[in-house]
Amino acid sequence: MIPGSLYVVATPIGNLGDASPRAIEALRAADLIACEDTRTSRTLLARHAIPARTVALHEHNERATATKLLRVMHAGRNVALISDAGTPALSDPGALLVEQAHRAGIRVIPIPGPSAAVAAFSASGFPAERFLFAGFLPAGRSARRKALEGLELPWPVILYEAPHRVLETLADLAERFGAAREVVIARELTKKFEDVARLPLGEARDWLLADPHRQQGEFVLVLAPGEPRSAQTLEAERVLEALLEALAPSEAARLAARITGIPRSVLYRRALERAK
Ligand code: SAM
């Protein structure tokens, strides 16, 4: 261990066997372990007989706790940061502490390991040159639908979703991106009831309803990439979206065609899809 450093340690997302030897070594050697929830992390720490010198660091106390932890590290002691599962600071607390450590000149050392997003992506089979990690979509339906507008991309999109919203979100994805677009539903990764299904969005609802257990547990959704679109098409769609806020589809398509040069018939079809 390098004295006075911050170790950002990834921990298992279900299967405790996924804790890497380096992760265990870093936790054992840390003077203090900052946990998202000290009770949740107790299972992992107990399994490896790591004496619990823990402090809670969660979204409600992150600023104040970060200040205290910086003092600990300035005094030459090591701090390890872990979250309830997976990689800290990824849809989890920790980024503020890491940022402050950088600003204070404290060395930040990542100990890489499990992350639900990367595990799901690796099991998707979608092209891997590029992807977008979009985390959790907004919980409210209209905000969620709005957020989906920004996810029409020519590369895969990774989403986290809560079990009680997964049906609704898959319905919104099908409506927005079409029933034929594929999705990977990665559920309970590394756990006993793990499921990874790749199927068209139009079949996702039936797949989830086919077995009551399939709507339980933790989910990652990986949306297949969309067709690459030219800058002109993207611009035309933006113009069309704006016009549709005030005009009927036929009029919006006519004006968008005049402004952008994209054929009216193409834009009219798109406008009707949006109106649905
Ligand atoms: N930092 C974590 C990581 O690196 O994976 C993610 C934390 S985020 C608060 C928790 C979400 O991750 C869950 O709601 C679920 O969407 C996803 N997740 C975590 N563990 C999972 C698992 N074993 N299988 C599928 N999804 C999981």
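Residues numbered from 1 in each chain as written. Predicted model: local features only at pLDDT ≥ 70, side-chain atom pairs only at ≥ 80, totals over all residues. Heavy atoms only, no water.

## Comments concerning the overall build of the chain
Now for step 1: What the chain contains, in helices and strands, is 11 helices and 10 strands.
Now for step 2: Looking at the chain as a whole, 43% of its 276 residues are labelled buried.
Now for step 3: Put simply, the chain shows about 14100 Å² of open surface, and 54% of that area lies on carbon and sulfur atoms.
Now for step 4: Positive and negative side-chain charges in the chain, numbering 35 and 32 respectively, have mean positions lying 3 Å apart. (Helix = DSSP H or I, 4+ residues; strand = E, 2+ residues; numbered from the N terminus. Buried < 20%, exposed > 50% of the residue type's maximum accessible area, 1.4 Å probe, protein only. Areas by Shrake-Rupley, 256 points an atom, 1.4 Å probe, with all protein chains shown as cover. Lys, Arg positive; Asp, Glu negative; His and termini not counted. Charge placed at Lys NZ, Arg CZ, Asp CG, Glu CD.)

## Describing the sheet that holds strand 4 (residues 79-82)
Now for step 1: Here we have five strands laid out as an open sheet, ordered 3-2-4-1-5, and parallel in their pairing. Where the open sheet ends on each side, the last strands, each with one partner, are strand 3 (54-56) and strand 5 (108-111). Pairwise comparison of adjacent strand axes, ignoring direction, gives a mean angle of 25 degrees for this sheet.
Now for step 2: Relative to strand 5, strand 1 (residues 6-9) runs parallel, the two sharing four bridges. (Pairing = 2+ DSSP bridges. Axes fitted to C-alpha atoms, helices over the stretch in contact; angles between N-to-C directions.)

## So, the pairing of strand 1
Now for step 1: Side chains of strand 1 alternate between two faces, with L6 and V8 and Y7 and V9 buried alike.
Now for step 2: Summarising the sheet, strand 1 and strand 4 pair through three bridges and their orientation is parallel. By the bridge assignment for strand 4, V8 is matched with L81.

## Some points on the sheet that holds strand 9 (residues 195-200)
Now for step 1: The mixed open sheet is built from five strands, whose spatial order is 6-7-10-8-9. A single partner strand is all that each edge strand has here, and the edge strands are strand 6 (132-136) and strand 9. When the angles between neighbouring strand axes are averaged without regard to direction, this sheet yields 15 degrees.
Now for step 2: Here five bridges tie strand 7 (residues 157-161) to strand 10 (residues 219-223), and the two strands are oriented antiparallel to one another. When the sheet's bridge partners are listed, I158 is paired in strand 10 with V222.
Now for step 3: Contacts from helix 7 (residues 166-177) reach strand 7, strand 8 (182-187) and strand 10 within the one sheet, and its direction differs from that of strand 10 by about 5 degrees.
Now for step 4: This element, helix 8 (residues 201-209), spans strand 8, strand 9 and strand 10 of the sheet and lies at about 140 degrees to strand 9. (Contact = heavy atoms within 4.5 Å.)

## Some remarks on the site of the ligand
Now for step 1: For the ligand, the set of nearby residues contains 19 residues, the closest of which are I13, L90, D92, A116 and F219.
Now for step 2: A distance of 3.0 Å is found between an oxygen atom of the ligand and a side-chain nitrogen or oxygen belonging to Y160.
Now for step 3: Elements that contribute at least two residues to the shell around the ligand include exactly strand 7 and strand 10.
Now for step 4: In the shell around the ligand, the residues fall into 10 nonpolar, four polar and five charged.
Now for step 5: Two domains each put at least three residues into the shell around the ligand: domain 1 (5-114) and domain 2 (117-223). (Near = heavy atom within 4 Å. Polar contact = N/O pair within 3.5 Å; in protein donor to acceptor, adjacent residues only side chain to side chain. Nonpolar A, V, L, I, M, F, W, Y, C, P; charged D, E, K, R; others polar. Domains from an automatic or database assignment.)

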